[in-house]
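Survey of secondary and tertiary structure
Below are the chains, spelled out letter by letter.
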Amino acid sequence: MAEAHQAVAFQFTVTPDGIDLRLSHQALTEIYLSGVRSWKKRIVRLKNSVLTGVYPASPSSWLFVVVAILATMYTRSDPSMGLIAKIQENLPVSQAMGNQCQVVVSAVLFSTMLWLLLIFTMRLCLKQLLSYHRWMFEPRGKMSNTTKVWVALVRIFSGKKPLLYSYQGLVPNLPVPAIKDTVKRYLESVRPLINDAEFERVTNLAAEFESSLGNRLQFYLKLKSLWASNYVSDWWEEYVYLRGRGPIMVNSNYYGMDFLYVTPTPIQAARAGNTIHAMFLYRRKLNREEIKPLMLRSAVPCCSYQYERMFDTCRIPGLLTDTVQHLEDSDYVAVYHRGRFFRLKAYHAGRLLTPRELELQIQRILDDTSAPAEGESQLGALTAGDRLPWAKVRTEYFSSGVNKRSLDCIEKAAFFVTLDDEEQGMIGDDPSASLDNYAKSLLHGKCYDRWFDKSISVVYYKNGKSGILAEHSWADAPTVAHVWEFVLAVDCFQLGYNVEGHCKGEVDSSLPKPQKLTWDIPAEAQETIAQSMAVAQTLADDIDFHVFLFRDFGKGRIKKCKVSPDAFIQMALQMAYYRGRGSFCLTYEASMTRLFREGRTETVRSCTSESSAFVRALEAGESADVCRRLFRAASEKHQHLYRMAMTGAGIDRHLFCLYVVSKYLGVESPFLKEVLSEPWRLSTSQTAVQQVELFDLVNHPEYISCGGGFGPVADDGYGVSYYLVGDNVINFHISCKHSCSDTDAHKFGAQIKKALHDLIELLSPNQREPSKTEASRSEVKKDL
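Procedures and definitions
Residues numbered from 1 in each chain as written. Predicted model: local features only at pLDDT ≥ 70, side-chain atom pairs only at ≥ 80, totals over all residues. Heavy atoms only, no water. Helix = DSSP H or I, 4+ residues; strand = E, 2+ residues; numbered from the N terminus. Rg over C-alpha atoms; globule rule 2.2 N^0.38 Å. Contact = heavy atoms within 4.5 Å. Areas by Shrake-Rupley, 256 points an atom, 1.4 Å probe, with all protein chains shown as cover. Lys, Arg positive; Asp, Glu negative; His and termini not counted. Charge placed at Lys NZ, Arg CZ, Asp CG, Glu CD. Pairing = 2+ DSSP bridges. Axes fitted to C-alpha atoms, helices over the stretch in contact; angles between N-to-C directions. Expected span 1.5 Å × (residues − 1). Bend = angle between axes of the 7 residues up to and from the residue. Buried < 20%, exposed > 50% of the residue type's maximum accessible area, 1.4 Å probe, protein only. pLDDT = per-residue confidence, 0-100. Left-handed = near helix turned anticlockwise from the far one by under 90°. Nonpolar A, V, L, I, M, F, W, Y, C, P; charged D, E, K, R; others polar. Salt bridge = Lys/Arg side-chain N within 4 Å of Asp/Glu carboxyl O.

1. A closer look at the overall build of the chain
Counting secondary structure elements, the chain contains 24 helices and 24 strands. In terms of C-alpha radius of gyration, the chain reaches 29 Å, essentially the compact-globule figure of 28 Å for 784 residues. On the principal axes, the C-alpha backbone points of the chain span a range of 90 × 80 × 60 Å. Expressed as a percentage of contacts within the chain between residues at least 6 apart in sequence, the contacts between residues at least 24 apart total 78%. Counting only carbon and sulfur atoms, one obtains 56% of the accessible surface of the chain, whose full area is about 34,800 Å². Taking the average location of the 90 positive side-chain charges in the chain and that of its 86 negative ones, the two points are 7 Å from each other.

This is the structure we're talking about:
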């Protein structure tokens, strides 16, 4: 407990001679520096709040307006048309000031009001401009005159160098679609999946809903949209994520992988030192709002709300619903290694530890031979099993005493770190199988060596490989991918390693050692841990994963066929599924709605009448011209649906919210009940590189990530994530369950490969362009 005593600022002992007071100067210094750091953050946040509040103007523009008004008055003109004189008459301290001083104060007050009015007008105009989405439906290179004028106006009204949250009050609210439009689009989406009799039945249900209960539910939803920033997001977070009582491991959490071909250093502690340091650098930029907001076509801003809870956040289990706990900036991370939990401070004497110092601290944990407390080694399984047992045992055994202090340390940490004793990556004689194991390890590990409730967990393997795991309720994958891209780039291209593979820089060996957390876990709690472990292990063992790199061609060659790469891959997925199952299924593709305030995702129903007609024609041996025509129609329909989803005219979020309203009102809707019960047997998502400027894939193609993935949504379905890397590589992550005899991740992967080849041959029969990437690469160590 030596480290714990060092944190005590003063100690006193009562003796017969009086009170013996002893001060710890080191602890008092730490408290002082921590306070200084906290106040610096508050000042920065206050400054950023002012800059964001007056955006697109700047505070300096206030001085310009004041000077302009005073200069105009100096010429004996009155730009206020008598308002300045009115203000002067009603100044409460006019008797204490001379006439000239009263005039100046009145002019400054008028200038300030004028400045605020101009800002309000500019913000209102910009918000209205950002509600225009017709540009998205226009083909690239064929911009209409209306859109050209709109782009010019957006650039005129937008300020320079926006902060991360500058546009938060300017992006429009998500509109509520009309009931009839949503119902019509829904019926259109299910038509290729059901026969005529079933379609007639569903149509009758929809018509009855639209003409009766739907209008009542729509009224309440519109009322909410007038009051809330986003009529979907809070209910989506609560009912889709937080109210789920099953395991979040596999079912909700998702992961991101390390570089594929490059391991910057084989030293586990060094890799952790660099990347932990990079994570805190990103958090610093986040707190200062120095991260650029995501802009579509360099002009249209996306909502940055999801960044707010990236760090210092944890999901807290509850009896009926979980909650998301977000706290002030923590100065430490929680670390797990071989059954023990540690508290590793990332700051010392008011400064962020260097990568070399963090490496030293991590190595101290790796060298620690102490045994875990009884019940500690598999404590993390509580976060991997069902939520209700975790909530009960947390309340009963972890709400006071030493267990509460240690649990608080984990839940309030900036993020969670696992020092894994396995090796992962493209290793061994079978690189393909090793990637499958790598994916499963990141997704669920040993079921107890991750803290699945933490917003972000970073895993470091024995051979220097790393990966990231995220809890889903607080944000979606693009937000986590953004920080992970930054960390990988800073780790390799800015921080680097010395020739021995250690972090660069000097180290202060007097740093206090990481603090080992202590526990007192009773037998009853250990029994619950064992039960949660059994549930989690059964779930993990059932997951079938296949990760493969498609290197025969990429989005570069697809674009030469004048086809959207995303639509191309979605058509390939439809072909692969149909060939494997002999039928089509309800297909989920995630699309963002961040063009709106607090927007998250919407569903693109990728299986359409057009796509099914194309697949059937191709499988029936129709002529190439007919198949190409049908493919173009299917591709255009998919792109249209994607754009509709992005602009707030999707299907599923609207119907979901109507269903929630019906539950609040205590009324049943057979139509909504049927819609919400339909299984997504093919759940897909595209991962895109967001910060292209951080990576030079032309000169350094080996620095590519393998992307990330997630578990299957349906017990008898597939989860497919695809990652378009540069122009020549597409990485796929496929998941399903062994317990379903109709699914096989490796077979589905083979069918996807064949479908991709068949499609490219159909669209470019005369092209025989060789792949620009090597057929295989061996993993190399890079010293930077």
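2. With respect to the sheet that holds strand β23 (residues 729-737)
In space, the six strands of this open sheet follow the order β17-β23-β22-β20-β18-β19, with mixed pairing throughout. Only two strands of the sheet have a single partner each, and these edge strands are β17 (543-550) and β19 (601-605). Each neighbouring strand pair of the sheet contributes to a mean axis angle of 20 degrees, computed without reference to strand direction. Strand direction decides the pairing type here: strand β22 (residues 718-725) and β23, joined by seven bridges, are antiparallel. In the sheet register, Y723 faces β23, and the bridge partner there is N731.

3. Here we look at helix α16 (residues 477-495)
The terminal C-alpha atoms of α16, which comprises 19 residues, lie 26 Å apart, in line with the 27 Å expected from a rise of 1.5 Å per residue. Approximately 25 degrees is the largest bend angle found in α16, and it occurs at A489. Along α16, 15 of the 19 residues are buried, which leaves the element largely enclosed by surrounding structure. A positive phi of about 70 degrees marks G496, the residue just after α16.

4. Quick word on helix α7 (residues 179-190)
When the terminal C-alpha atoms of α7 are compared, their 17 Å separation across 12 residues agrees well with the 16 Å that a helix rising 1.5 Å per residue should span. Those residues of α7 that fall on the buried side of the exposure criterion are I179, T182, V183, R185, Y186, L187, S189 and V190.

5. Brief notes about the confidence of the model for the chain
With 92% of its residues at a pLDDT of at least 70, the chain reaches an overall mean of 90. Contacts of residues 1-10 to residues separated by more than four positions or lying in other chains number 17 contacts, the stretch itself having pLDDT below 50. Predicted confidence for residues 768-784 stays below pLDDT 50, and this span has 41 contacts to residues more than four positions away or in other chains.

6. A word on the environment of L83
Within the secondary structure layout, L83 lies in helix α4 (residues 83-89). Placed 23 residues apart in sequence, L83 and S106 show a C-alpha to C-alpha distance of 8.9 Å.

7. Here we look at the sheet that holds strand β16 (residues 515-516)
Spatially, the eight strands line up as an open sheet ordered β16-β10-β9-β13-β14-β15-β3-β21, and their pairing is mixed. Each having just a single partner strand, β16 and β21 (708-710) make up the two edges of the open sheet. Relative to strand β13 (residues 416-419), strand β9 (residues 332-337) is paired through three bridges, and the arrangement is parallel. If you follow V335 over to β13, its bridge partner there is V417. Contacting β9, β13, β14 (456-460) and β15 (466-470), helix α11 (residues 268-287) runs over the sheet at an angle of about 155 degrees to β14.

8. Re unusual backbone geometry
With omega at 15 degrees, the peptide bond leading from Y55 into P56 counts as cis. For P56, the position within the fold is in the loop between α2 (25-54) and α3 (59-74). Phi at R338 is positive, roughly 45 degrees, even though this residue is not glycine. Position of R338 relative to the elements: it lies in the loop between β9 and β10 (340-345).

9. A word on the pairing of β10
In the sheet, β9 pairs with β10 via six bridges, with the strands oriented antiparallel. When the bridges of β10 are listed, Y332 appears paired with K345. Between β9 and the antiparallel strand that follows it, β10, lie two residues; R338 among them carries a positive phi value of about 45 degrees. As defined by bridge partners, β10 adjoins β16 across two bridges and the pair is classed as antiparallel. Note that in β16 the partner of F342 across the bridge is K516.

10. Details of the packing of α7 against helix α22 (residues 652-665)
The geometry of α7 relative to α22 is characterised by a closest axis approach of 10 Å and an angle of 115 degrees between their N-to-C directions. Once α7 is placed against α22, the crossing between them reads as left-handed. Between α7 and α22, the residues in contact are I179, T182 and Y186 and H654, L655 and L658, respectively. Its residues placed into classes, the contact of α7 with α22 shows four nonpolar, two polar and no charged.

11. Quick look at the pattern of salt bridges
Side chains that carry opposite charge are capable of pairing whenever their charged atoms lie near each other. Applying the stated criterion across every chain, the model contains 41 salt bridges. Between E602 and R653 there is a salt bridge, and its shortest N-O distance comes to 3.8 Å. Linking E602 in strand β19 with R653 in helix α22, this pair joins segments that are 51 residues apart in sequence. Its relative accessible area of 3% is what places R653 among the buried residues. Ionic contacts of the salt-bridge type, sharing partners, join the residues R245, R315, D322, R387, D453 and E471 into one network.

12. Structural notes on the side chain of S466
Relative to the helices and strands, S466 resides in strand β15. Judged by its relative accessible area of 0%, S466 is buried. When near neighbours in sequence (up to four residues on either side) are disregarded, S466 contacts M257, D258, R271, Y438, V459, Y460, Y461 and W484.

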